[in-house]
Amino acid sequence: MDFTILNPHTMKIVGFEISPQSSHMSVKGAKSGRQIEWNSDLKLQWGKEMRNRNDYFGDFGITTITFTDSELEDLDACFDKIEDYLSMHGKKQKSVQTLLDQIDILANDNKK
């Protein structure tokens, strides 16, 4: 992981990985002019695999977000996604007194 958000409001951890295809696999030194084409194909395949992984993780509540080449082309969208996780808050806690007051109201309503 490149960085992690530890949210004290939701008690959730979200990992972010900046993962362009070139940092994982690329064709170098090809003798034909196909090197650019091959790397372009690899970039598409890498993006597809990482989207599948993100979807799978999301289905099971595993919070890891991977930004690949296509996502990294729009850095504002990447930061918007990060901001979503930073701005999450848990359910507002009620005080014991508020809960007791609500019980009294329900009890009085049932007496009517």
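In case you missed it, the structure is sitting above this.
### Focus: the overall build of the protein
- Broken down by element type, the protein carries four helices and three strands.
- Of the regular secondary structure in the protein, the N- to C-terminal order runs β-β-α-β-α-α-α.
- Counting contacts in the protein only where the partners sit at least 6 residues apart, residues at least 24 apart contribute 43% of the total.
- Surface summary for the protein: the accessible area is close to 8700 Å², and the carbon and sulfur share equals 56%.

### Structural notes on the side chain of Thr-66
- Note that Thr-66 resides in strand 3 (residues 64-67).
- In this structure Thr-66 comes out as buried when scored by relative accessible area, which is 2%.
- At a separation of 2.2 Å, a polar atom in the side chain of Thr-66 contacts the side chain of Arg-53.
- Apart from residues lying up to four places away in sequence, Thr-66 is in contact with Glu-17, Ser-19, Met-50, Arg-53, Asn-54 and Glu-71.

### A few points about the pattern of salt bridges
- Evaluated as defined, the whole model comprises one salt bridge.
- Notably, a salt bridge pairs Arg-53 with Glu-17, separated by 3.4 Å at the nearest N-O pair. Taken as a pair, Arg-53 in helix 1 (residues 35-59) and Glu-17 in strand 2 (residues 12-18) lie far apart in primary sequence, 36 residues in all.
- Under the relative-accessibility criterion, Glu-17 is labelled buried at 16%.

### Thoughts on the environment of Lys-43
- By secondary structure assignment, the location of Lys-43 is in helix 1.
- Among the residues examined, Lys-43 registers a relative accessible area of 36% and is labelled partly exposed.
- Counting along the chain gives 25 residues from Lys-43 to Thr-68, while the straight-line C-alpha distance between them is 8.5 Å.
- If sequence neighbours within four positions are ignored, Lys-43 has contacts with Gln-21 and Asp-69.

### So, the packing of aromatic side chains
- In this structure the tally under the stated criterion is three aromatic pairs.
- With centroids separated by 5.1 Å and ring planes inclined at 15°, the aromatic side chains of Phe-3 and Phe-16 adopt a geometry described as stacked. With Phe-3 in strand 1 (residues 3-7) and Phe-16 in strand 2, the pair connects residues that are 13 residues apart, well separated along the chain.
- According to the relative accessible area criterion, Phe-3 is partly exposed, its value standing at 30%.
- Owing to a relative accessible area of 0%, Phe-16 belongs among the buried residues under this scheme.
- Both rings, one in Phe-16 and one in Tyr-85, keep their centres 5.8 Å apart while their planes meet at 80°; by these two values the pair is edge-to-face. Here Phe-16 is found in strand 2, whereas its partner Tyr-85 is found in helix 3 (residues 75-86), with 69 residues between them in sequence.
- An aromatic cluster is built from Phe-3, Phe-16, Phe-67 and Tyr-85, whose rings are joined through pairwise contacts.

What counts as what
- Residues numbered from 1 in each chain as written.
- Predicted model: local features only at pLDDT ≥ 70, side-chain atom pairs only at ≥ 80, totals over all residues.
- Heavy atoms only, no water.
- Helix = DSSP H or I, 4+ residues; strand = E, 2+ residues; numbered from the N terminus.
- Contact = heavy atoms within 4.5 Å.
- Areas by Shrake-Rupley, 256 points an atom, 1.4 Å probe, with all protein chains shown as cover.
- Buried < 20%, exposed > 50% of the residue type's maximum accessible area, 1.4 Å probe, protein only.
- Polar contact = N/O pair within 3.5 Å; in protein donor to acceptor, adjacent residues only side chain to side chain.
- Salt bridge = Lys/Arg side-chain N within 4 Å of Asp/Glu carboxyl O.
- Phe/Tyr/Trp six-rings, centres within 6.5 Å; stacked < 30°, edge-to-face > 60°.

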